[in-house]
Amino acid sequence: MRWTALYARSRHLTVALAAVLLCAAVLPLLLGDSWSTVFATVTLGAAVAVAGVGLSGQDLDLDRTASFRWPPRRLTHLLVIGVVAGGVMLAAQGLADLPIDSSWILRDVAGLLGLTGLAATLFGGQFGWTLPMGWAMTAALVPKAVGQAYDVVAWPMATADSAQAWWVAGLLFVAGTAAYTMAGARR
């Protein structure tokens, strides 16, 4: 068996792909006219979070003794999660003519991906879902009356043209991607 097939099996990629498709494609179509940024944020958070569970293998000692370099594979795995989740969400938007801007989806995928990488690095791959899902749920509950701090705290819910939300998402993406790529998942 090739290493890619073994990697896919050890990370439960088929189950993760099915879950991402369910989250990012089925929910927007089911909600139809009720679709809003609240549902989009939670759906995108769930899509990235379910795939984040597979960021560590069954045996971390075995992963660490491999004869090839892990950082490029870790980075690829993380970026593929984002591409699939964002791509499926964009496709669902096009199919149902939903009102979410594509730049908003890009920003949220990047930030949530960074949070997934940070969670896997800090807590372990099996807990890679905690930070993206937690922040997405928190952002959905933060009242807009908070003022300018809203775009920082609830950046996934902020408008697509919010500079503060882009900065927060960008910083989370860079920090989480770098941490997971270099260190991998925690034991």
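Residues numbered from 1 in each chain as written. Predicted model: local features only at pLDDT ≥ 70, side-chain atom pairs only at ≥ 80, totals over all residues. Heavy atoms only, no water.

Undergrad: How should the overall build of the chain be read in this particular structure?
TA: Counting secondary structure elements, the chain contains nine helices and zero strands. When the helices and strands of the chain are listed from N to C terminus, the series reads α-α-α-α-α-α-α-α-α. With 187 residues in all, the chain has 44% of them scored as buried. Of the contacts made within the chain by residues no fewer than 6 positions apart, 72% connect residues no fewer than 24 positions apart. In the form shown here, the chain has an accessible surface area of approximately 9,300 Å², with 70% of it arising from carbon and sulfur atoms. (Helix = DSSP H or I, 4+ residues; strand = E, 2+ residues; numbered from the N terminus. Buried < 20%, exposed > 50% of the residue type's maximum accessible area, 1.4 Å probe, protein only. Contact = heavy atoms within 4.5 Å. Areas by Shrake-Rupley, 256 points an atom, 1.4 Å probe, with all protein chains shown as cover.)

Undergrad: Can you walk me through the environment of Trp-135 in this structure?
TA: Assignment of secondary structure puts Trp-135 in helix H7 (residues 130-141). Residue class for Trp-135 comes out partly exposed when judged on its relative accessible area of 26%. What Trp-135 contacts, discounting residues up to four positions off in sequence, is Leu-115, Val-152, Val-153, Trp-155, Pro-156 and Leu-172. At a separation of 2.7 Å, a polar atom in the side chain of Trp-135 contacts the main-chain carbonyl oxygen of Val-153. (Polar contact = N/O pair within 3.5 Å; in protein donor to acceptor, adjacent residues only side chain to side chain.)

Undergrad: Just checking my understanding: could you explain the packing of helix H6 (residues 102-123) against H7 for this structure?
TA: Packed helix pairs are specified by the crossing angle of their axes together with the interaxial distance, meaning the distance between the axes. Where H6 contacts H7, the two axes come as close as 6 Å, and the packing angle between them is 135°. It follows from the interaxial angle that H6 and H7 lie oblique. Taking contact as the criterion, the partners of Leu-112, Leu-115, Thr-116, Leu-118, Ala-119 and Phe-123 in H6 are, on H7, Thr-130, Leu-131, Pro-132 and Trp-135. In terms of residue class, the contact of H6 with H7 is built from eight nonpolar, two polar and no charged. (Axes fitted to C-alpha atoms, helices over the stretch in contact; angles between N-to-C directions. Parallel < 35°, antiparallel > 145°, perpendicular 65-115°, else oblique. Nonpolar A, V, L, I, M, F, W, Y, C, P; charged D, E, K, R; others polar.)

Undergrad: Looking at this structure, how should I read a nonpolar patch on the surface?
TA: Taken together, the side chains of Val-53, Leu-122, Phe-123, Phe-127 and Trp-129 define a hydrophobic patch exposed on the protein surface, amounting to about 450 Å² of accessible area. As for its position among the elements, Phe-127 is in the loop between H6 and H7. Look at Phe-127 and you get partly exposed, because its relative accessible area is 39%. (Patch = residues over 30% accessible without salt bridge, like charges linked within 9 Å, V, L, I, M, F, W, Y side chains within 5 Å. Salt bridge = Lys/Arg side-chain N within 4 Å of Asp/Glu carboxyl O.)

Undergrad: Please explain the nonpolar core as it appears in this structure.
TA: Generally speaking, a soluble globular protein has its nonpolar side chains buried in company with each other. Membership of the largest hydrophobic core comes to 33 residues, with the highest contact counts inside it found for Leu-44, Ile-105 and Trp-155. Contacts of Leu-44, omitting those with residues within four sequence positions, involve Ala-85, Met-89, Trp-104, Ile-105, Asp-108, Val-109 and Leu-112. Residues Ala-139, Val-142, Ala-154 and Met-157 belong to the second largest nonpolar core, which totals five residues. (Core = buried A, V, L, I, M, F, W, Y, C linked by side-chain atoms within 4.5 Å.)

Undergrad: Could you clarify how one ought to interpret the packing of aromatic side chains in this entry?
TA: For any pair of aromatic rings, the description rests on two quantities: the centre-to-centre distance and the angle between the ring planes. Throughout the structure, instances matching the rule amount to one aromatic pair. Aromatic pair Trp-135 and Trp-155: ring centres 5.9 Å apart, planes at 65°, arrangement edge-to-face. One end of the pair, Trp-135, is in helix H7; the other, Trp-155, is in the loop between helix H8 (150-153) and helix H9 (163-183), and 20 residues separate them in sequence. (Phe/Tyr/Trp six-rings, centres within 6.5 Å; stacked < 30°, edge-to-face > 60°.)

Undergrad: I tried to follow the side chain of Thr-121 on my own but got confused; where do I start?
TA: Here Thr-121 shows up in helix H6. For Thr-121, the side chain forms a polar contact with the main-chain oxygen of Gly-117, separated by 2.8 Å. What Thr-121 contacts, discounting residues up to four positions off in sequence, is Ala-179, Tyr-180, Ala-183, Gly-184, Ala-185 and Arg-186.

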